[in-house]
Amino acid sequence: MTAIDVERLSVHFHARAGSVMAVDEVTMSVPPGAVVGLVGESGSGKSTLARAIVGLVSPTSGSIRIDGSDLATQSAGARRRARLPVQMIFQDPNSSLNPRMTVGAALSEALGARERIGRGTRDEEVAELLDLVTLDRRVATAYPRELSGGQRQRVAIARALAVKPDVLICDEVTSALDASVTGAILNLLRDLRRELGLSILFISHNLAVVRYVSDQIGVMYLGRIVEFAEAEALVRSPEHPYTSALLDAVPRLGGVDVEAPAELDRDVDDLQPPDRGCAFLPRCSAGPLVDPTREICAAMDPQAEASARRHEAACHFAKAES
Amino acid sequence: MVSLAAPARVGFADKHPTAAFVLRRTGRMIILLLLLLVLSFAMIHLVPGDPVRAELGPRAPVSAIEARRAELGLDQPIPKQFVDYVRGLLTGDLGTSTTSHLPVSEVIAERLPNSAKLAGIAFVVIMLFSLSIGMIAAIVTRNGRHSGTELGFTTTTGFFATVPEFVLGVALVYVFGVELKWFPVAYEPGVAAYVLPVAALSIGSIAALSRIVRVETLDVLGADYMRTARSKRLPARLMYLRHALPNMLTSTLTLGGLLLSGLIGGTVLVENVFAWPGLGTAVVDSVVAQDYALAQAIMVLLGATVLIINLVVDVIIGLIDPRSTIREL
Amino acid sequence: MAQQRGLVRTALRTPTGALALVTVVLLIVLAIVAPMIWGDKATTPNVDHLLEGGSAEHPLGTDNIGRDLLARTLVATRLSLVLSVLIVLVGAGIGVPLGALPTVLGRRSARLTAAITDFALAYPALLLAIFLSVILGAGPTAAVLALGIASAPAFARLTQTLAASVAGSDYVAAAHVLGLSRRRVLFRHVLPNIAEPIILNVTIAIGYALLALSGLSFLGLGVQPPSYDWGQLLTASLNRIYVAPEAALGPCVAIVIAGLAFNGLGEALARAASTRTSYVRSPRRGTAAFTPILPISDDQRVIDDPVLVVEGLTVTFPTGDGSIAPVRGISFSIGNGERIAIVGESGSGKSLTALSLAQLVPHPGTVRADRLEFVGRDLTDGSDPDNVVGTSMAMVFQDTSTSLNPALRIGTQLSEVAEVHGGLRRTEARRRAVDRLREVRLSGPERRLRQFPHELSGGMRQRVMIAVGLMGEPRLIVADEPTSALDVTVQQQILRLLKDIGDDTGASCLLITHDIAVATEMCDRILVMYAGRIVEDIDASRLWEGPTHPYTRALLAAVPDMDTDRDVELASIPGRPPDPADLPPGCAFAPRCAFATDKCREDAPPLLLDKTDSHRVACWHPQQGSVVAHEDDRLESEVG
């Protein structure tokens, strides 16, 4: 059983306008058999974190441990082998499949990545993969352009499953799908987790979906995890103002009218955080902009003491860990 | 602790992005210009055989050859020759043409206006026609209207865009010069002589460019912001002039720049069809006659013209388009 | 290879493509056999027939040593074609690897590639040709090299763009994550997706190379006598044009035909290729002509003082063999100050409904309605003499990055509405603009007037769009997915803003969305659309108790919200939304419905009011009870 452990991981991007810390000293783990959700808005760094774990992006500092062994200490070949049990499914069903390969060819190639299988048995394995994701076996001869978005996502899942992974990283896999199809994909992921014992890192901006699927949830803001807790605990009693703001912002069926906004109703020009102090300060309704006595927010970065607080919250006013 | 690794100091480029942009582009052009000079200088030295011997003939005595060599400065070390060469260019001393025995600068001065007028008139004609035809075609055929017109437009422009200028020139010479005798087919003073060469230069480019203009205009007309403008129920004049046109400026300028550079090649060809006394005929004749001083000088002149035109177009685009300076590499 | 054959077959379907292909094949055949058949005739001098004009024996005349010009034109095909192909090989040989460099070696080398490309582009092909002709001597070598180098930048640029887009695509990323070797990724994933467009460009490039080469030969800088290509033949015949024009005719025609053939073939192949890799589902050929609009009469809610009344609204688009109707006869009304949401998935017709109200349906779509009244004015025939749509209806679109004009300042885009419709002068209009920007809670409104759209974030741009709508005095705000592209916290602010503006100005609101939860938060009433029809019209407050249409119920059960039971499976709807070109008779949802009967499949149900007079549903078997997802995928309820 594979576990992923990420410690103080940072990913630095150099853009023309300056450099951006897309992932900023993130520490988290995906235990075997668990579903960990990562939720955040645009610019939170959740996709970059995922891409760093699977090796599509090089981290600037920090370590990634898969099954206990630090990837940085391994040779390129060993690293590739160590990463194989961690597979990723992408957001856009339009670009996640090679338009010039049939479904069968793509799955067959994925099967070959793990071990050498003869041509005959390969066809049978391809059919079994399609069964696993509840697709008709005849889909194997189709090209991606002939399939719907939901079908293409299933093929992407099947491709990831071909190498018998232990961990699936799902990056916004339902965001581009219609509502009627989302349920089917989420159900499929739950079934696969139960049948194959997979652990899943589920990334989405949709808090309702993340809450439904995950055992634990991490909330990311500007490259950091600002809160991390069991799903129900996080939703029922959040410790970080950003989590509260997110929870408040999620539209609810039944139109529950919430009175006080959990976040300042202002558009912030520049999303870049201040040099010192808390990154969320400009948007925080619990901070010095509302309550001037809370100067500590401007002086000290709450990330430093996070592990001492409940839900590992990066907020000076979160409760202490009991 | 610092999340954003801001640049250590705010440099000149950040305070004056436009000026930095212009300087960067000018610098690039100067490098390319220098390269051009090096290449044209090297051209003489890469010619197989000995140009002096070729000029004086196989029976010339060694003393005469050496004297001529010293006269041309060919006995100096190469770097010094290059410096002399550049100095000569800057002061207007371009050497002597071996075919006419006149100073090269004189030959060029005599021929340059004819080519410039031809290219200049053609440029204006092409821009006027291709912009108007392209835009009108776009407005008429937008959203798939009048598919018959679209087919006719595409076929006609496709045909004329493929016919090269010199073929068109020959055809025009025959039809209007030989058969109909409406226009002169060789250079003579007066406007009439320009009609056929300008036509030969322009028609193909008008066809090719109006296709591009039509596609660009269709893109702009179909953009979301045009739908917003329509939702505001603005009068047509405002919609096209204020909303559509500014978005076409960048592509039009780029087109204009490419056209000017491309006209140089076309002018050379057309001049040779009509025996036009310009730089185009001069450069070809000089290469054939191995009159390298003349060929070299014309090459530098044409090359420098292209570089300067590209620079001016780039700078104008950079100044006009509010987004381009930010996107600058 | 099957893909390539299919490509050619598709290209052949168009008359231009077929003609071009045939011509190219003919030229190739000619290149091979012409020298064998007419070679002698082309090179044999004949002193008895010098410089003749056209005749029966020599249709194009003879040249200065009596050689037959027609034969020479035909034989010249080989050299012209061979050299053109060589030019393109040189160009692609330099350009393609150069363009592939940044993708393979990383972003630093992109600058190098750009520099080299810039350099090659800076000097016209002709100058290069002159330069090389001087050094190497005028001839085909110099010409081929010069033209090849000159064509390299185009290939480099194309390759670079293709390689970058392919390398950045998710399927290449997936291949890396699968641990496939770099070699495999390159040959199986990257190259096939790059190769096809490049090969197509090669075809077009051969055409251009041929024209350019002929030009150089014409100048005397290309093929040198005694060799001859078309350009060389043309220049030789030029000085006889007064006497024997047919001499020039051969090479002229040959050059033009060859150029057209290669360019035409390349373009036909390119067009065929673009339709093959696109993901748009085009209507299948041979489907029955569109089924006529169902003559159903829907019930209409009775409201006094409605802002908008729509009856029988239909939007039609013509297709190759018939037409499709993405919106099929819908009826609804919006009261004064009411907030209504239209909820639907992709293909439901919700966006087109919004566009048709604002008369923005693009050509060739046509809008028809039995009745269309807005603020009391009859707009049924499409004319709007008092311009009520311009002054009283505000539109807010989804994509903020493209809905505002990038070339104009915000101030201009705001004040022009007041100047054109309100007759205000510039300063007054600007004052109103600042006022509206303040109303949409945009910080620093005076400063914003001078800014361009790209200087603002997505949420801020959406506020600007709303402000544009407020410049008139709108009675109805139509918002088409206004927040789908925004973060959820920004979405909350924008929705709240829309709500407050509605409260302040008394304007009604029509919100189009795919998110039913957003609809319930924001609106009083929800219209659910499926396949161009309204299937349910229900109070938002009653949604929790349970809608009655199976589709609405399935939709609610299929999407998790914050209170969904985490231990229970989500419901899913089998199948997928129907293609407007392929609608079944009867109820469009029947193929996916758990409760469909034969009657559903034959007769389309009308939208009917129920006993409460405020709930409409279009179903023969509406379901009762609140929506609860059970262990199997089906919804359990009493059969209605």
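All figures in this text were calculated on a predicted structure; none of them were measured in a lab. (Residues numbered from 1 in each chain as written. Chains lettered and ligands numbered in written order. Predicted model: local features only at pLDDT ≥ 70, side-chain atom pairs only at ≥ 80, totals over all residues. Heavy atoms only, no water.)

A. View of the overall build of chain C. For chain C, the count of helices and strands is 21 helices and 13 strands. Against the globule reference of 26 Å for 640 residues, chain C gives a C-alpha radius of gyration of 34 Å, more extended than a compact globule. Its C-alpha atoms give chain C principal-axis dimensions of about 105 × 65 × 60 Å. Counting across all 640 residues of chain C, residues that qualify as buried make up 54%. Within chain C, contacts between residues at least 6 apart in sequence are counted, and of these 67% link residues at least 24 apart. (Helix = DSSP H or I, 4+ residues; strand = E, 2+ residues; numbered from the N terminus. Rg over C-alpha atoms; globule rule 2.2 N^0.38 Å. Buried < 20%, exposed > 50% of the residue type's maximum accessible area, 1.4 Å probe, protein only. Contact = heavy atoms within 4.5 Å.)

B. Focus on the domain arrangement of chain C. The domain boundaries assigned to chain C delineate domain 1 (2-280) and domain 2 (306-407 + 452-634). Centre-to-centre, using C-alpha coordinates, domain 1 of chain C lies 54 Å away from domain 2 of chain C. (Domains from an automatic or database assignment.)

C. Inspection of the packing of helix H12 (residues 279-288) of chain B against helix H13 (residues 292-320) of chain B at higher detail. Residues and elements named next belong to chain B. Where H12 meets H13, the closest approach of the two axes is 8 Å, and the angle between their N-to-C directions is 140°. When the axes of H12 and H13 are compared, the pair comes out oblique. Considering only the axes of H12 and H13, their crossing is left-handed. Contacts between H12 and H13 involve Leu279, Ala282, Val283, Ser286 and Val287 on the former and, on the latter, Leu294, Ala295, Ile298 and Leu301. (Axes fitted to C-alpha atoms, helices over the stretch in contact; angles between N-to-C directions. Parallel < 35°, antiparallel > 145°, perpendicular 65-115°, else oblique. Left-handed = near helix turned anticlockwise from the far one by under 90°.)

D. Main features of the pairing of strand S1 (residues 306-319) of chain C. Residue and element names in this part refer to chain C. Of all 14 residues in S1, 10 are buried, a share of seventy percent or more. Pairing of S1 with strand S2 (residues 322-335), which is carried by 10 bridges, proceeds in the antiparallel orientation. Bridge pairing in S2 places Val309 opposite Ser333. Hairpin connection of S1 to S2: two residues between the antiparallel strands. Here four bridges tie S1 to strand S5 (residues 371-374), and the two strands are oriented antiparallel to one another. In the sheet register, Glu311 faces S5, and the bridge partner there is Arg371. (Pairing = 2+ DSSP bridges.)

E. The arrangement of the interface of chain C and chain A in detail. Contact residues are listed per partner, giving 72 residues for chain C and 76 residues for chain A. Where chain C abuts chain A, roughly 6300 Å² becomes buried across the two surfaces, and 51% of that area is made up of carbon and sulfur atoms. Notably, a salt bridge pairs C:Arg566 with A:Glu232, separated by 4.0 Å at the nearest N-O pair. Mapped by element, the contributors of at least two residues to the side of chain C that touches chain A are helix H7 (170-177), helix H8 (182-219), helix H10 (246-277), helix H16 (445-449), helix H17 (458-470), helix H18 (488-505), helix H19 (516-522) and helix H20 (550-558) of chain C. Tallying contributions element by element places H18(C) first for the side of chain C that touches chain A, with eight residues. (Buried area = accessible area lost by both parts, 1.4 Å probe. Salt bridge = Lys/Arg side-chain N within 4 Å of Asp/Glu carboxyl O.)

F. Examining the packing of aromatic side chains more closely. Following the criterion strictly, the structure yields 15 aromatic pairs over all chains and no others. Both rings, one in B:Phe176 and one in B:Trp182, keep their centres 5.6 Å apart while their planes meet at 45°; by these two values the pair is tilted. Aromatic ring contacts, followed pair by pair, group A:Tyr221, A:Tyr242 and A:Phe280 into a single cluster. Over the ring of C:Tyr228 we find C:Arg72; its NZ or CZ atom is 4.0 Å from the centre of that ring. (Phe/Tyr/Trp six-rings, centres within 6.5 Å; stacked < 30°, edge-to-face > 60°. Lys NZ or Arg CZ within 6 Å of the ring centre and 35° of its normal.)

G. Expanded view of the sheet that holds strand S8 (residues 476-480) of chain C. Residues and elements named next belong to chain C. Strand order in the open sheet formed by eight strands is S7-S8-S9-S3-S10-S11-S13-S12, and the pairing between neighbours is mixed. Strands at the two margins of the open sheet, each flanked by one partner only, are strand S7 (393-396) and strand S12 (608-609). Note that S7 and S8 share four bridges and pair parallel. Counterpart to Met393 in the pairing with S8 is Leu476.

H. The state of the cysteines, seen in detail. Residues and elements named next belong to chain C. As enumerated under the stated definition, the model contains zero disulfides over all chains in all. With no disulfide of its own, Cys587 lies closest to Cys600 among cysteine sulfurs, the gap being 6.2 Å. Cysteine Cys619 remains unbridged, with the sulfur of Cys600 as its closest cysteine sulfur at 6.1 Å. (Disulfide = S-S within 2.5 Å.)

I. Local environment of the confidence of the model for chain A. Looking at chain A as a whole, its pLDDT mean stands at 84, while 90% of the residues score no less than 70. Here helix H10 (residues 296-299) of chain A stands out as the least confident element of chain A, with mean pLDDT 79; strand S3 (residues 35-39) of chain A is the most confident, with 95. (pLDDT = per-residue confidence, 0-100.)

J. Spatial organisation of the environment of C:Pro140. Residues and elements named next belong to chain C. Position of Pro140 relative to the elements: it lies in helix H6 (residues 140-167). Between the C-alpha atoms of Pro140 and Leu449, which are 309 residues apart in sequence, the distance is 61 Å. Discounting chain neighbours no more than four positions away, the residues touching Pro140 are Leu83, Gly222, Val223 and Gln224.

K. Examining the side chain of A:Asn98 more closely. With respect to the element layout, A:Asn98 can be found in the loop between strand S6 (86-89) and helix H3 (103-114). Overall, A:Asn98 belongs to the buried group, its relative accessible area being 4%. Only 3.5 Å separates the side chain of A:Asn98 from the backbone oxygen of C:Arg188, close enough to count as a polar contact. Those residues in contact with A:Asn98 that sit more than four places away from it in its chain are A:Pro144, C:Tyr171, C:Arg188, C:His189 and C:Asn193. (Polar contact = N/O pair within 3.5 Å; in protein donor to acceptor, adjacent residues only side chain to side chain.)

L. How the structure looks around the domain arrangement of chain A. Residue and element names in this part refer to chain A. Here chain A is described as being made up of domain 1 (1-85 + 165-181 + 193-236), domain 2 (95-164) and domain 3 (241-321). Listed per partner, the contact involves 16 residues of domain 1 and 16 residues of domain 3. A combined buried area of about 1700 Å² lies between domain 1 and domain 3, and 59% of that area is made up of carbon and sulfur atoms. On the surface where domain 1 and domain 3 come into contact, there are one salt bridge. With its nearest N and O atoms 2.9 Å apart, the salt bridge here joins Arg224 to Asp301. At the junction of domain 1 with domain 3, the criterion picks out six residue pairs in polar contact (both at pLDDT 80 or more). The set of elements that each furnish at least two residues to the side of domain 1 that touches domain 3 consists of strand S9 (216-221), strand S10 (224-230) and helix H8 (231-236). If one sorts the elements of the side of domain 1 that touches domain 3 by residue count, S10 sits on top with six residues. Among the residues forming the side of domain 1 that touches domain 3, the class breakdown is 13 nonpolar, no polar and three charged. (Nonpolar A, V, L, I, M, F, W, Y, C, P; charged D, E, K, R; others polar.)

M. The arrangement of a nonpolar patch on the surface in detail. On the surface, B:Leu249, B:Ile308, B:Val312, B:Ile316, B:Leu319 and B:Ile320 cluster together into a nonpolar patch covering about 490 Å² of accessible area. Considering every element that reaches the nonpolar patch, the biggest residue donor is H13(B), with five residues. (Patch = residues over 30% accessible without salt bridge, like charges linked within 9 Å, V, L, I, M, F, W, Y side chains within 5 Å. Areas by Shrake-Rupley, 256 points an atom, 1.4 Å probe, with all protein chains shown as cover.)

N. A look at the environment of B:Ile121. Residue and element names in this part refer to chain B. By the secondary structure assignment, Ile121 is in helix H6 (residues 104-141). The exposure class of Ile121 is partly exposed, given its relative accessible area of 37%. Sequence separation between Ile121 and Val198 is 77 residues; the distance between their C-alpha atoms is 7.1 Å. If sequence neighbours within four positions are ignored, Ile121 has contacts with Tyr194 and Val198.

O. How the structure looks around helix H5 (residues 125-136) of chain C. The terminal C-alpha atoms of H5(C) lie 16 Å apart, and with 12 residues this matches the ideal 16 Å at 1.5 Å per residue to within 8%. With 10 of 12 residues buried, H5(C) lies mostly within the body of the structure. The set of residues buried in H5(C) consists of C:Leu126, C:Leu127, C:Leu128, C:Ala129, C:Ile130, C:Phe131, C:Leu132, C:Ser133, C:Val134 and C:Ile135. On the buried face of H5(C), the contacting elements are helix H2 (17-46), helix H11 (236-274), H12 and H13 of chain B together with H6 and H8 of chain C. Of the residues flanking the end of H5(C), it is C:Gly137, one or two places downstream, whose phi is positive at about 85°. (Expected span 1.5 Å × (residues − 1).)

P. Layout of the packing of helix H15 (residues 426-439) of chain C against H17(C). All names here are of chain C. In the contact formed by H15 and H17, the axes pass within 9 Å of each other and the chain directions differ by 130°. As far as their axial angle goes, H17 and H15 are oblique. The chirality of how H15 crosses H17 is right-handed. Counting all contacts with H15, which are made through Arg436, Leu437 and Glu439, the residues of H17 involved are Val464, Ala467 and Leu470. Across the contact of H15 with H17, the residue classes break down as four nonpolar, no polar and two charged.

Q. Geometry of the pairing of strand S1 (residues 4-15) of chain A. Bridge analysis of S1(A) against strand S4 (residues 61-66) of chain A gives five bridges, and the strand direction is antiparallel. In the sheet register, A:Val6 faces S4(A), and the bridge partner there is A:Ile64.

R. Region of the structure containing the sheet that holds S9(A). Residues and elements named next belong to chain A. With respect to topology, six strands assemble into an open sheet ordered S6-S7-S8-S3-S9-S10, the strand pairing being mixed. The outermost strands of the open sheet, each flanked by one partner alone, are S6 and S10. Neighbour to neighbour, the strand axes of the sheet diverge by 15° on average, direction disregarded. Relative to S10, S9 is paired through six bridges, and the arrangement is antiparallel. What sits directly across from Tyr221, in S10, is Arg224. Strand contacts of helix H5 (residues 149-161): S6 and strand S7 (167-171), with the helix running at about 170° to S6, the strand carrying the most contacts.

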